[in-house]
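One letter stands for each residue in the lines below.
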Amino acid sequence: MISKENILASAKKTILSESKSIAKLSELITDDFAKSAEIIFNCKGRLVVTGIGKSAIIAQKMVATFNSTGTPSMFLHAAEAIHGDLGMLQPNDATICISKSGNSPEIKALVPLLKRFGNPLIGITGNLTSYLGKESDVILNAHVDEESCPNNLAPTNSTTAQLVLGDALAVCLMEMRDFKSEDFAKFHPGGALGKKLLLRVQDMLDISHKPMVDPESSIKNVIFEISEKRLGVTAVVENDKVVGIITDGDIRRMLNTNDTFTHLTAKDIMTKNPKMIQYNDMVMDAFNVLEDFAITQLVVLDNEKYVGVLHLHDILKEGIV
């Protein structure tokens with residue numbers, strides 16, 4: 001049985017080995033990298049990324065990254081390409097072909113077909129003198145001295161190098177396009193970032209539960225309204241204008257200081273000038289107000305019209321923060 005110490009030592013050795021390989025990549029960057037970025041940036045079609053084996057898996061990850069950062073891309077499996085999938089390639093597309101050796105039979109069969117279409121071919125390989133290295137229009141050097149695998153066989157350092165070059169291209173293209181976090185959110189509307197940047201108060205406000213009393217309402221009616229709407233609060237509205245707010249905390253404080261409340265009305269216990277937010281404001285702006293003032297509810301207005309109450313729990317349920 002291998003000891004825990006040996007397991008930890010192996011893990012650290014692998015991480016250090018891969019990190020050293022990646023660090024050396026920066027020394028292998030040439031003008032071809034800039035040419036590759038320019039080819040993709042100026043491409044009128046899509047970026048088609050292909051590979052075989054583990055390189056195909058890296059290609060799929062690259063496609064996912066490119067698509068989410070503003071570069072329309074798709075994956076083409078090198079083996080399937082020569083059996084009909086080449087039909088997805090269009091005249092205005094650019095191509096990236098990934099192969100550690102650059103001499104795989106599938107790559108040798110595919111590259112001439114890609115070139116026949118006339119699409120610019122960007123090669124990513126660890127062997128510049130390989131078939132892929134010689135036939136590519138531009139080449140990105142993904143050479144590593146060795147794999148982390150104890151047998152120096154299983155793709156480890158080499159696939160990480162390919163992945164990093166893809167990430168470097170994606171980041172460069174983001175900068176060339178001036179791709180902002182708002183743009184990223186458009187492609188990730190279901191994620192936390194997308195919600196932070198895109199979700200507005202009106203998108204999550206439940207207008208069917210709009211607690212509201214008038215200033216002369218009895219405390220009994222106030223309690224009933226707070227309980228029925230289940231938001232722990234009610235707005236106090238006069239002439240269609242919010243003049244105050246009453247929370248369940250206000251009710252408790254009133255009970256602590258009064259033996260009877262039959263003589264009291266909503267206006268006697270309400271908090272004037274409550275914190276408010278507009279219906280079309282961003283949810284993150286609402287959250288910041290709640291956090292800054294250590295409160296859990298916000299009155300929501302559509303211009304001057306009262307439309308409801310936004311609760312902190314509603315925001316937290318969306319997983320935004």
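Everything here concerns the structure above.
Analysis parameters
- Residues numbered from 1 in each chain as written.
- Predicted model: local features only at pLDDT ≥ 70, side-chain atom pairs only at ≥ 80, totals over all residues.
- Heavy atoms only, no water.
- Helix = DSSP H or I, 4+ residues; strand = E, 2+ residues; numbered from the N terminus.
- Buried < 20%, exposed > 50% of the residue type's maximum accessible area, 1.4 Å probe, protein only.
- Contact = heavy atoms within 4.5 Å.
- Lys, Arg positive; Asp, Glu negative; His and termini not counted.
- Charge placed at Lys NZ, Arg CZ, Asp CG, Glu CD.
- Axes fitted to C-alpha atoms, helices over the stretch in contact; angles between N-to-C directions.
- Parallel < 35°, antiparallel > 145°, perpendicular 65-115°, else oblique.
- Left-handed = near helix turned anticlockwise from the far one by under 90°.
- Salt bridge = Lys/Arg side-chain N within 4 Å of Asp/Glu carboxyl O.
- Pairing = 2+ DSSP bridges.
- Phe/Tyr/Trp six-rings, centres within 6.5 Å; stacked < 30°, edge-to-face > 60°.
- Lys NZ or Arg CZ within 6 Å of the ring centre and 35° of its normal.
- Right-handed = clockwise from strand over helix to strand, strands pointing away.

What to know about the overall build of the chain
Here is step 1 of the chain: For the chain, the helix and strand inventory stands at 15 helices and 12 strands.
Here is step 2 of the chain: Judged by the C-alpha coordinates and their principal axes, the chain covers about 95 × 55 × 35 Å.
Here is step 3 of the chain: Residues classed as buried in the chain amount to 43% of the 321 residues present.
Here is step 4 of the chain: Relative to all contacts within the chain whose residues are 6 or more apart in sequence, the contacts with residues 24 or more apart total 62%.
Here is step 5 of the chain: In the chain, 33 side chains carry a positive charge and 40 a negative one; their mean positions are 4 Å apart.

What to know about the packing of helix 1 (residues 4–25) against helix 7 (residues 157–177)
Here is step 1 of the chain: Look at helix 1 against helix 7: their axes get within 9 Å of each other, and the N-to-C directions meet at 45°. Judged by the angle between their axes, helix 1 and helix 7 are oblique. Like other packed secondary-structure pairs, helix 1 and helix 7 cross with a definite hand, here right-handed. From helix 1, Ser17, Glu18, Ser21, Ile22 and Leu25 reach across to helix 7, where they touch Asn157, Thr160, Ala161, Val164 and Leu165.

Quick look at the pattern of salt bridges
Where charged atoms from two side chains of opposite charge come close, those side chains can pair.
Here is step 1 of the chain: Enumeration over the complete set of coordinates arrives at 11 salt bridges.
Here is step 2 of the chain: Asp93 is paired through a salt bridge with Arg46; the nearest N and O atoms lie 2.8 Å apart. Taken together, the residues span a long stretch of sequence, with Asp93 in the loop between helix 4 (78–81) and strand 3 (94–99) and Arg46 in the loop between helix 2 (31–42) and strand 1 (47–51) at a distance of 47 residues.
Here is step 3 of the chain: By relative accessible area, which is 2% here, Asp93 ends up buried.
Here is step 4 of the chain: Between Glu147 and Lys100 there is a salt bridge, and its shortest N-O distance comes to 2.7 Å. Here Glu147, found in the loop between strand 5 (138–141) and helix 7, pairs with Lys100, found in the loop between strand 3 and helix 5 (105–116); they are 47 residues apart in sequence, far enough to count as distant.
Here is step 5 of the chain: For Lys100, a relative accessible area of 40% corresponds to the partly exposed category.

A word on the sheet that holds strand 2 (residues 73–77)
Remark on secondary structure: sheet strands pair via backbone hydrogen bonds, oriented parallel or antiparallel.
Here is step 1 of the chain: As summarised here, the arrangement of the five strands in space is 2-1-3-4-5, forming an open sheet in which the pairing is parallel. The sheet terminates laterally at strand 2 and strand 5, the two strands that pair on one side only. On average, adjacent strands in this sheet sit at an angle of 20° to one another, irrespective of strand direction.
Here is step 2 of the chain: Two strands pair when backbone bridges link them, and strand 1 and strand 2 are joined in this way by five bridges, in the parallel orientation. Within strand 2, the position partnered with Thr50 by the bridge is Leu76.

A word on the packing of aromatic side chains
Here is step 1 of the chain: What the rule picks out here adds up to zero aromatic pairs.
Here is step 2 of the chain: The ring centre of Phe293 lies 4.0 Å from the NZ or CZ of Lys275, which sits over that ring.

Let's talk about the pairing of strand 1
Here is step 1 of the chain: In terms of burial, strand 1 is a largely internal element, five of the five residues being buried.
Here is step 2 of the chain: By the alternation rule, side chains of strand 1 split into Leu47, Val49 and Gly51 and Val48 and Thr50, which are all buried.
Here is step 3 of the chain: A crossover connection joins strand 1 to the parallel strand 2 through helix 3 (residues 54–68); in handedness this β-α-β unit is right-handed.

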